[in-house]
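Overview (structure and organization)
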Amino acid sequence: MADKKNNRRNNRNNDEDYNPKFRKMRKKVCPLCKDKNLVLDYKNPEQLKKFINDKGKILPRRATGACAKHQRDITLAIKRCRQIAMLPYSQE
């Protein structure tokens, strides 16, 4: 009985270090790097709403999947959009 359990575990992955709790995470690809035609525009609040949460906070890189360069651009565009009152600073 215990021998069958070990065989089932070994068949999932041929690694000796296999642990189902620690799976390899898929690397997120930056949405702005992936689509070269996509231009970030601070005058387009619908486009920027993907990068803020329901409270109006800017989402971090680990949530958006953006690279460092584009995350800075996203932040700058959101702040400019807030300045001209197209995006709220916070939700109620």
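Everything here concerns the structure above.
Residues numbered from 1 in each chain as written. Predicted model: local features only at pLDDT ≥ 70, side-chain atom pairs only at ≥ 80, totals over all residues. Heavy atoms only, no water.

Moving on: the overall build of the protein chain. When helices and strands are tallied, the protein chain shows five helices and zero strands. Scanning the protein chain from its N terminus toward the C terminus, one meets helices and strands in the order α-α-α-α-α. Residues classed as buried in the protein chain amount to 22% of the 92 residues present. Look at the contacts in the protein chain between residues 6 or more apart in sequence, and 53% of them connect residues 24 or more apart. Carbon and sulfur atoms make up 48% of the accessible area of the protein chain, which amounts to about 8,200 Å² in all. (Helix = DSSP H or I, 4+ residues; strand = E, 2+ residues; numbered from the N terminus. Buried < 20%, exposed > 50% of the residue type's maximum accessible area, 1.4 Å probe, protein only. Contact = heavy atoms within 4.5 Å. Areas by Shrake-Rupley, 256 points an atom, 1.4 Å probe, with all protein chains shown as cover.)

Because the α-helix completes a turn every 3.6 residues, residues three or four places apart line up on one side. Here helix α5 (residues 68-83) is 16 residues long and its end C-alpha atoms lie 23 Å apart, about the 22 Å a rise of 1.5 Å per residue gives. Listing the buried residues of α5 in full gives H70, Q71, I74, T75, A77, I78, C81 and R82. Across the axial projection of α5, the buried residues extend over an arc of 165 degrees, all falling on one side. In α5, the exposed positions angled more than 90 degrees off the buried face are occupied by K69, R72 and Q83. Against the buried residues of α5 lie α2 (31-34), α3 (45-48) and α4 (61-64). A85 sits one or two residues past α5 and shows a positive phi near 65 degrees. (Expected span 1.5 Å × (residues − 1). Arc of directions from axis to C-beta.)

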